[in-house]
Amino acid sequence: MKRKLNGSEILWETLQNLGVDVVFGYPGGQNLPIFDAMSKYPAIHQVLVRHEQGAAHAADGYARVSGRVGVALATSGPGATNLVTGIANAMMDSIPTVFITGQVPSHLIGYDAFQESDVTGITLPITKHNYLVTDVNELSEVVREAFYIAATGRPGPVLIDIAKNAQIASIDWEYDDSPIQLPGYRPDMRPVEKDIEHAVELIKHAKRPLILAGHGVLISGAMDELKYFAETTHTPVAMTLLGLGCMPASHPLNLGMMGMHGEAWVNHAIQECDLLLAMGMRFDDRVTGDLKTYAQNAKKIHFEVDPSEINKNVKVDLALIGDLRESLEQLNPHVPSLEHGEWLKFINGIHHESSQRDIQNAPDDGLLRAPHVINDLWRHTNGDAIIVTDVGQHQMWTAQYYKTDHPNSFITSGGLGTMGFGLPAAMGAKFASPDREVWLVVGDGGFQMTSMELQTIFQEGLKINIAIINNGYLGMVRQWQEFFYESRYNNTPITSPDFVKLADAHGLVGQLVTQRKDIESAIEWARQQPGTALLEFRVVGEDAVYPMVPAGASLHQMIRRPVHAGTK
Amino acid sequence: MQHVIVVLVEDKPGVANRISSIFRRRGFNISSLTVSPTEQPGTSRFTIVMESDKRDAYRLKSYLYKLINVLRVDDLTEKPNVNRDMALVKVAANNTNRTEIMQMVEVYRARVVDVANEALVVEITGTTDKIDSFIEVLRPYGIIEMAASGTVALTRGPASVYSIDRAS
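Residues numbered from 1 in each chain as written. Chains lettered and ligands numbered in written order. Predicted model: local features only at pLDDT ≥ 70, side-chain atom pairs only at ≥ 80, totals over all residues.

Of the regular secondary structure elements, chain B holds four helices and nine strands. Counting helices and strands in the order they occur from the N terminus, chain B gives β-α-β-β-α-β-β-α-β-β-α-β-β. With the principal axes as the frame, chain B shows a C-alpha extent of 60 × 35 × 35 Å. Taking all 168 residues of chain B together, 27% fall into the buried category. (Helix = DSSP H or I, 4+ residues; strand = E, 2+ residues; numbered from the N terminus. Buried ≥ 20, exposed ≤ 12 C-beta atoms within 10 Å, placed from the backbone.)

Okay, structure coming up:
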């Protein structure tokens, strides 16, 4: 039955119908009508962040853990521009998100009104699609389309800019749940039969096959299909940073992470294989190194939902375009049982330089090292926590040492590499999964970029555990300065506030940890606190992440950990 | 080589911006871009001429398909097609050379559309090559000003952009 509702009410009604339960936002002049209508819809929890970038990352973190569309809401002008980093982050990592911004009234658009900015123009290259709504009659349909576009095909951010007059105007309205009509949008492509047959032939003839599993496995929910394929064909699996968790780390066929800071034997395996099965990954330069020398002897099959990724970086022999889970469902029945004993033996033979061994061999001089901290965190939480990271050295160490067995539980900013992502994304993760333990591992630099969200955490009464890896440097940049700029540490030494006092000032609790023997008891203390607890780990300043493929070098040309590096 | 790419789009606000943004963002060079209405209301047709290799032409096509408002993309380059540009050329003319210029106009099957004491405006339609050659012929007389459209193109025969299978 139709009711008379204004645009703001129509927005909330539509969000409610789409199953939205939380919105991260910040009010302002041009979205006031939306906030005014909010109280009529208590089923949707509205989180007041401290900066719109936090809202964007929180929506992103929420989407990564829940698999549902994350929603952020901001006002026009500065509110909208503050979202931009978060939108670009969601775009690079294909995260289903919808960003709603207020816009000045239609009659002022284009006249440089107060807090006006061309938000659809600004976000055009960093959204999957965007809309400007000036007519209340179009609003609900646009919101439905936005959710559909954000969540289907290769997911991504969609922005809806709503002019204030469209928020205020009233019409007789009822929710329309008829199928979305988008004649130009085809998220439903599938591989053709003859390509599946071609794939089966390549798979049968391969002696040294290797799967490169990426974020697409998690996005399409193809974890079981991947496992079936790998186990049936005895094909080892290497993972991208964003693919971590798509196959249990403890699975014998799972080699671990590839790329710039991947395990040495994983990168060697890529260079030695004769068939690469790239599943839901896009051959980013951080995983391929020099393209000219990349997996030269391998035939390559690319399972990919986005046709524009085919042959973009790496030329492939066969492309299977479509949703990965559906493609594997199509392929798996045709795949024979295969053994690759020699190949697996070869890989096991080059296994000896693992990062795990690396830290076990590090001298136990009582000083704190980040890998120790993260390894202990992994052990102490049984690897069961949702781990959120920021960007930098701690992120790579977490990828190396927090070996998760669970999908959608390793939350990190991959493509854009956004410092400041961690804390707000951890909030979003907690909203998505309130019953699971959430740990944020974050550097001293990145934490200071968005630490104001501690107050949002306090206001919301969230329980998160925070491990700050404080080495007094912008560590990853310092590492590059050490390796490639003759250790000229320009502007990488960074001071920090007293993080324990900062936690206290925000109404939270914290502890400083400086000794290796205290790591586990501090972790346990943090877990026992009813509210958010912050642990500051003062680690040695000049440790580096190993192994490392320098940017542009061949994948097998890795810088290894010096034998006594730990004694620095 | 020169690729002629036809893009059929929903006539939505900002769609021209979305398309041109791909060229800027991905570093492609447009030789010409023409937008026109089509026989179907609500649908516009972009004809894009781009200097590129095959790989970049494929990349462009796949990026265009990522746009929600793009309905069909067709690379006409290797298909039999008819393509035309149109140009208006204002050329300096006087009593001594006017007849000579008009003879050139005749040879190129162009048309004089405006005559004044000191100038002629000539309209010419044809392939880009033909127009370029015509302009070279007129240049010695003194071209005061010219305006040219980009290329528009259709495939030969009954097949059309609507019969494109976008999955390919």
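Scanning chain A from N- to C-terminus turns up 23 helices and 20 strands. Rg of the C-alpha trace for chain A: 24 Å, near the compact-globule value of 24 Å for 568 residues, within the 12% margin. Counting only C-alpha atoms and orienting by the principal axes, one finds that chain A spans roughly 70 × 65 × 40 Å. Counting across all 568 residues of chain A, residues that qualify as buried make up 54%. Considering only contacts within chain A whose residues lie at least 6 apart along the sequence, 77% involve residues at least 24 apart. (Rg over C-alpha atoms; globule rule 2.2 N^0.38 Å. Contact = placed C-beta atoms within 7 Å.)

At the junction of the two partners, chain B supplies 19 residues and chain A supplies 16 residues. Listing elements by their share of the side of chain B that touches chain A, those giving two or more residues are helix 1 (15-26), helix 2 (54-66) and strand 4 (70-75) of chain B. Tallying contributions element by element places helix 2 of chain B first for the side of chain B that touches chain A, with six residues. Residues of the side of chain B that touches chain A, tallied by class, amount to seven nonpolar, five polar and seven charged. (Nonpolar A, V, L, I, M, F, W, Y, C, P; charged D, E, K, R; others polar.)

Strands in a sheet are paired, the pairing made by backbone hydrogen bonds, and the direction either parallel or antiparallel. Residues and elements named next belong to chain A. Sheet architecture is open: six strands sit in the order 16-15-17-18-20-19, paired in parallel fashion. In the strand order of this sheet, the two ends are held by strand 16 (410-411) and strand 19 (509-513), each with one partner. Against the sheet, helix 16 (residues 370-380) contacts strand 17 (438-443), strand 18 (465-470) and strand 20 (533-538), and its axis sits at roughly 165 degrees relative to strand 18. (Pairing = 2+ DSSP bridges. Axes fitted to C-alpha atoms, helices over the stretch in contact; angles between N-to-C directions.)

What follows deals with the sheet that holds strand 3 (residues 45-48) of chain A. All names here are of chain A. The strand order across the open sheet formed by six strands is 3-2-4-5-7-6, and the pairing between neighbours is parallel. If you trace the sheet from one side to the other, it starts and ends with strand 3 and strand 6 (129-133), each paired once. If you compare each strand with its neighbour and ignore which way they point, the axes differ by 20 degrees on average. Relative to strand 4 (residues 70-74), strand 2 (residues 22-25) is paired through two bridges, and the arrangement is parallel. Paired with glycine 25 across the two strands is leucine 73, which belongs to strand 4. Where helix 6 (residues 136-151) meets the sheet, it contacts strand 5 (97-103), strand 6 and strand 7 (157-163), and its direction lies at approximately 165 degrees from that of strand 7.

We now examine helix 23 (residues 519-528) of chain A. Residues and elements named next belong to chain A. Within helix 23, burial applies to Ile519, Ala522, Ile523 and Ala526. Across the axial projection of helix 23, the buried residues extend over an arc of 100 degrees, all falling on one side. Every exposed residue of helix 23 that faces more than 90 degrees away from the buried side is listed here: Ser521, Glu524 and Gln528. (Arc of directions from axis to C-beta.)

Let's shift gears to the environment of Ile122(A). Residue and element names in this part refer to chain A. Relative to the helices and strands, isoleucine 122 is located in helix 5 (residues 119-123). For the pair isoleucine 122 and isoleucine 34, spaced 88 residues apart in sequence, the C-alpha to C-alpha distance is 22 Å. Look past the residues within four positions of isoleucine 122 in its chain and what remains in contact with it is Thr81, Val84 and Ser117.

All names here are of chain A. Residue position: serine 94 is located in the loop between helix 4 (78-92) and strand 5. Under the C-beta neighbour-count criterion, serine 94 is labelled buried, with 23 such atoms within 10 Å. Sequence separation between serine 94 and asparagine 313 is 219 residues; the distance between their C-alpha atoms is 18 Å.

Once that is clear, we can look at the pairing of strand 6 (residues 111-115) of chain B. Strand 6 of chain B sits mainly on the outside: zero of its five residues count as buried. As consecutive antiparallel partners, strand 6 of chain B and strand 7 (residues 119-126) of chain B are separated by three residues.

Our focus in this paragraph is the domain arrangement of chain B. Residue and element names in this part refer to chain B. Partitioning chain B into structural domains gives domain 1 (2-78) and domain 2 (82-152). When each unit is reduced to the centre of its C-alpha atoms, the spacing between domain 1 and domain 2 is 29 Å. Elements with a contribution of two residues or more to the side of domain 1 that touches domain 2: strand 2 (30-37) and strand 3 (43-51). Residue contributions to the side of domain 1 that touches domain 2 peak at four residues, all from strand 2. Looking at side-chain class alone, the side of domain 1 that touches domain 2 contains three nonpolar, four polar and no charged residues. (Domains from an automatic or database assignment.)

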